[in-house]
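Descriptive structure summary
If you want the building blocks of each chain, they are given just below.
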Amino acid sequence: MATAGAGEEPNPGEKEDLQNREMESEGEPCEEPEDGSSSEEEDEDDDDKENEAEIQRLEEQLSINAFDYNCHVDLIKLLRQAGELGKLRRARQKMSELFPLTEEIWLDWLKDEIRMSEDGSSREKVYELFERAVKDYICPEIWLEFAQYSIGGMGQEGGIEKVRSVFERAITACGLHMTKGSTMWDAYREFENAILSTIQPPPGTIPTSEQQQMLNEQLERIHALFRRQLSIPLLDMETTYAEYEEWSDKPIPDSVIQQYKQAVKQMENCKAHEEALMVAETPKMSEYQAYIDFVLKEGDPDRIQLTFERALAENCLVPDLWARYTHYLDRQLKVKDLVLAAHDRAARNCPWTVGLWKRYLLAMERHGVDHQRVCDNFEKALNAGFIQATDYVEIWQAYLDYLRRRVNFSQDSSKELEELRSAYTRALEYLKQEVEERFSGSGDPSCTIMQNWAWIEARHCNNIQKARELWDSIMTKGNAKYANMWLEYYNLERAHGDAQHGRKALHRAVQCTTDYPEHVCDMLLMLERIEGSLDDWDNAVQKTEARLSRINEQRTKAAAKEAVLTRQEEEKAEQRKKSRAEKKALKKAKKPTKGGEKRKADEDDEEEWGEEAVEKPKKKHKGEGDTAVGEDDAEEMEAEMGLFGRNETRKVEAPIKQKAKLAVQAKEPPKVVHDSNKENITVFVSNLSYNMTDPEVKLKALFEGCGEVSEVRPVYSSSGNFRGYGYVEFKEEKCAMNALQMDRKMVEGRPMFVSPCVDKTKNPDFKVFKYSTALEKHKLFVSGLPYSCTKEEVEELFKPHGCVKDIRLVTNRAGKPKGLAYVEYENEAQASQAVLKMDGTQIKEHTIQVAISNPPRRKQPDMQEIAKQSASMVPRQIYGARGRGRTQLAMMPRALHRQTMPAVKAENGTMQEDSTTSSPSAEEPKKMSNADFARMLLKK
């Protein structure tokens, strides 16, 4: 029976087998395990089954999308726990082909392989694995592990030189690392000191000349290592200098001292950045950016490269950092192996970033890389899983540009030209089938790829017929309505075709263009003016005039329709305002109030809401009686009644009006006066329920947890009702800052809005909206969610695809969900994977849409367009203070009505007002009563 050797610990399976065999040899039957151990074994079996099911699920997921980084990491962890070394090795191998592995993954892999290595062939495989590991990132720990492992093979032929070679490469790669580089130098010197101890002669013996020579050479190696280390700025250099003084039996040379002092000075310059990195929290991006800016100014290429590598080791998923690093290598160092390796790592770390792939293709072309390798990397880019349709257009265009530069167009036909044409054909098919199916659009609405192909065929291949066929396809894809597309085709015909096809293109453009038809009309007239005959000129003038006439008619109809819609919207707004006034009047009609109270309420509203709330005069509504009649309206009513002999209203109104004013003044709530000097200790609270009882007491109780509340000032309407907002003033500014954290807190079923108290008249650019409105590649916008979906349910949905930092459900002012949410991940990679997995998913019979957060910009109003529309609109009729009558008839004579309208005329498209109406000194026409109008009519 085979047993474990001395000093060796059998694995758990072997240990259990040995115990069972020993029990059988003693004649004792194997007892059944007790209930406790049985339940533990059952739990372990259940865990194993769950792990196996999870491993199978992850493998299936990777078969669908091989670029799921987190899925690779989870699979490797599970396989390592399960001890399935064969599958574990294949999983690591597959991930390393797609992504650079982190330091942690590499160290675990190396340690596992070192444990399994026995013979020399296995040792060589471990060496190859180390060579792959040190290429991904500059990691001092991996280099140190590499050197330690190589020391184990020192007994083989050439082993010492191999160890020295590894150490030299290690200090070249990370010997400049200011915080970890000294560890590598110390390990190298310890190794050489160990070699020195083996060649020193025993005490009391005289070494031979050969031994003395070897001894002197070894001592010189150690001296050289000390001198080299002291010339590099590293932290804790003083300890190394003291160690050198103690070790050396000779005085330190002045040149070494001078280099040491210079290195100390450089170290002091960088010390602030190193200390900032030590205390900063991961990922330390801002600290690394400042450090990179500093070393770029210093100009040391080795230190610049090392600083970039240190930053990338902790921020490997930041595309902008990779782009900056590769740009520096392309423009400054220009070392082929270094440049291509950096581009390869950049594209493998951030495969979803099309800009890195484009730079990689250019770098390979710049350094003369084999054509097959360029094609292979382009295929990897297509399979990288970009998050926008335009990204695929960009990568195809970069690849086609590369293929075009390979073609020698002096030859009529060549292999490269045929490859270029087939690539263009494939690109169009790919965008139509793959990209349109995934993004519901090709990403190339203006057909730039087809345009470039047409120009190449016309200019380089003299194949104008093929170019025309391509342009015909472009126009059939919805581009025939754009003037710039027709002018581009016309330029192609002018440059490489003939005038007849150019004229034909412009005639078609005149009939089809809808955005800027004037441009193509002018171009057609210019062509005929220079080259055409009289018949051509007449034909062009006839077509352009007819077309422009139709366009102007369409624009006039559209403007009129827009004016009608605008008028209808204004009338609806006026109707809503009228309805509110009626409700208010009905409430007041229950009390013995008169016109004086109404006027007082109107004045209060004007003070509360500003001029806009009372910009239009109040209308008198049926059933309101004297309650809704103000002083001005009463005067007009007196004149109107005087025309028919009824003017008894004023006599009764005065005493009642006086009583109403006194009643309003007695009920009027105190005005809320805000002190602008206390804005820093005050917050503005809004979106509260109008039905909140004792808002002052409730708001004070709500905000007492933020700090001592000095005063609560709720705002009331003129009728004494709470308006849903107010001010909360604190004793200290930090308390007000704490109160801002209560924004969106649910209060009586509504989200309470808490914002800084800022006077917008003094700060018009201030915005309370605290969320970004720009593109955020690490954040997702989710729409189509069920209204019943909670924040926890959304987190459970998106958690499997990465670390979810925050989730925000979008609600309306009443706090009810709108079926929208924002999901924020740690990085772009996780967000892009979530888009691929979750877009189109069914949740509670709802199909959700998931996209990268990129809110559309608000369109700014085009002042010229507004001026055109306002010029073409039919002016609205101006009504009197009492609104429009039932019969919709104006009582003013038409001649007088025309005089009140401003005379407007257009010259060369510019609006000009009559001087009599625009002059501020012009006298306004005298207001006329109904009696005046009656006398004018009787005269006629």
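A short tour of the structure in this document, coming up. (Residues numbered from 1 in each chain as written. Predicted model: local features only at pLDDT ≥ 70, side-chain atom pairs only at ≥ 80, totals over all residues. Heavy atoms only, no water.)

Points about the packing of aromatic side chains
Heads up, the rule is: Two rings belonging to Phe, Tyr or Trp (six-membered ring only in the last case) form a pair when the distance between their centres is within 6.5 Å. Interplanar angles under 30 degrees mark stacking, angles over 60 mark edge-to-face geometry, and anything in between is tilted. Numbering of helices and strands runs from the N terminus, with a helix taken as a DSSP run of H or I at least four residues long and a strand as a DSSP run of E at least two residues long. By definition here, charges over rings are those cases where NZ of Lys or CZ of Arg is within 6 Å of the ring centre and within 35 degrees of the ring normal.
As enumerated under the stated definition, the model contains 30 aromatic pairs in all. Look at Phe703 and Phe730: their rings are 6.3 Å apart centre to centre, the planes differ by 70°, and that puts the pair in the edge-to-face class. Of this pair, Phe703 sits in helix 30 (residues 695-703) while Phe730 sits in strand 3 (residues 722-730), and the two are 27 residues apart along the sequence. A network of ring pairs unites the aromatic residues Phe378, Phe386, Tyr392, Trp396, Tyr399, Tyr402, Tyr430 and Phe439 as a single cluster. Above the plane of the ring of Tyr127 lies Lys162, whose end atom (NZ or CZ) is 3.6 Å from the centre.

Some words on a negative patch on the surface
This is how the line gets drawn: Patches were defined on residues exceeding 30% relative accessible area and lacking a salt bridge, with like-charge contacts within 9 Å and nonpolar side-chain contacts (Val, Leu, Ile, Met, Phe, Trp, Tyr) within 5 Å. A 1.4 Å probe and the Shrake-Rupley method give the accessible areas. Residues count as covered only by the protein chains that appear here. In what follows, salt bridge is the name for a side-chain nitrogen of Lys or Arg lying within 4 Å of a carboxyl oxygen of Asp or Glu. Charged residues are defined here as Lys and Arg on the positive side and Asp and Glu on the negative side; His and the ends of the chain fall outside this count. In plain terms, the charge of a residue is placed at NZ if it is Lys, CZ if Arg, CG if Asp and CD if Glu. With a 1.4 Å probe rolled over the protein chains alone, any residue whose accessible area is under 20% of its type maximum counts as buried; one over 50% counts as exposed, and the rest are partly exposed.
Judged by side-chain charge, Asp46, Asp47, Asp48, Glu50 and Glu52 come together as a negatively charged surface patch. Within the secondary structure, Asp47 is located in helix 2 (residues 35-64). Accessibility expressed as a relative area gives 41% for Asp47, which makes it partly exposed.

As for the pattern of salt bridges
Per the counting criterion, the structure on display carries 41 salt bridges. With a shortest N-O distance of 2.9 Å, Arg80 and Asp112 are connected by a salt bridge. Remark: Asp112 occurs in helix 5 (residues 103-116) and Arg80 occurs in helix 3 (residues 69-82); sequence separation between them is 32 residues. The closest approach of N and O atoms between Glu274 and Arg310, which form a salt bridge, is 2.8 Å. Highlighted residues: Glu274 in helix 12 (residues 254-279) and Arg310 in helix 14 (residues 301-314), separated in sequence by 36 residues.

Regarding the nonpolar core
The cut-off we apply is this: Throughout, nonpolar core names a set of buried Ala, Val, Leu, Ile, Met, Phe, Trp, Tyr and Cys residues whose side chains join them through atoms within 4.5 Å.
Counting residues in hydrophobic clusters, the biggest one holds 163 residues, and the most contacted among them are Ile395 and Trp396. The leading source of residues in this core is helix 19 (residues 389-406), at ten residues. If you look at the next biggest cluster of nonpolar residues, it comprises 20 residues, including Leu785, Ala834, Ile843 and Ile852.

Brief notes about the side chain of Asp391
Cut-off, in case you're wondering: Residues are treated as being in contact if the distance between any of their heavy atoms lies within 4.5 Å.
Relative to the helices and strands, Asp391 is located in helix 19. Buried within the structure, Asp391 lacks any salt-bridge partner; Lys777 is the closest side chain of opposite charge, at an N-O distance of 6.7 Å. The residues touching Asp391, leaving out its near neighbours within four places in the chain, are Trp352, Val354 and Phe386.

Comments concerning the sheet that holds strand 11 (residues 849-853)
Inclusion rule: A pair of strands is treated as paired once DSSP finds two or more bridges between them. Axis lines are fitted through C-alpha atoms, for helices just across the contact stretch, and the angle between N-to-C directions can take any value from 0 to 180 degrees.
The strand order across the open sheet formed by four strands is 7-8-6-11, and the pairing between neighbours is antiparallel. Two strands in the sheet have a free side with no partner beyond their single neighbour: strand 7 (804-811) and strand 11. Across this sheet, the average inter-strand angle for adjacent strands is 25°, counted without regard to direction. In this sheet, strand 11 lies alongside strand 6 (residues 776-783) in antiparallel orientation, the contact comprising five bridges. Directly across from Ser783, in strand 11, lies its bridge partner Gln849. Here helix 32 (residues 791-798) sits on the sheet in contact with strand 6, strand 7, strand 8 (817-825) and strand 11, set at roughly 135° to strand 7. Sitting on the sheet, helix 33 (residues 828-838) is in contact with strand 6, strand 8 and strand 11, with an inclination near 25° to strand 6.

Observations concerning the environment of Gly724
Its location among the elements puts Gly724 in strand 3. Its relative accessible area of 3% is what places Gly724 among the buried residues. Sequence separation between Gly724 and Ser686 is 38 residues, and the spatial gap between their C-alpha atoms is 5.9 Å. With sequence-adjacent residues up to four places away left out, Gly724 is seen in contact with Val685, Ser686, Asn687, Leu688 and Tyr690.

Quick word on the pairing of strand 5 (residues 750-756)
The buried count for strand 5 comes to five of seven residues, which makes it a mostly enclosed element. Bridge analysis of strand 1 (residues 682-686) against strand 5 gives four bridges, and the strand direction is antiparallel. The residue bridging Ser686 from the neighbouring strand is Phe753, located in strand 5. Direction of pairing for strand 4 (residues 745-747) relative to strand 5: antiparallel, over a ladder of three bridges. Bridging from a neighbouring strand, Lys745 pairs with Met752 of strand 5. The hairpin turn running from strand 4 into strand 5, its antiparallel successor, is two residues long, and Glu748 in that turn takes a positive phi close to 55°.

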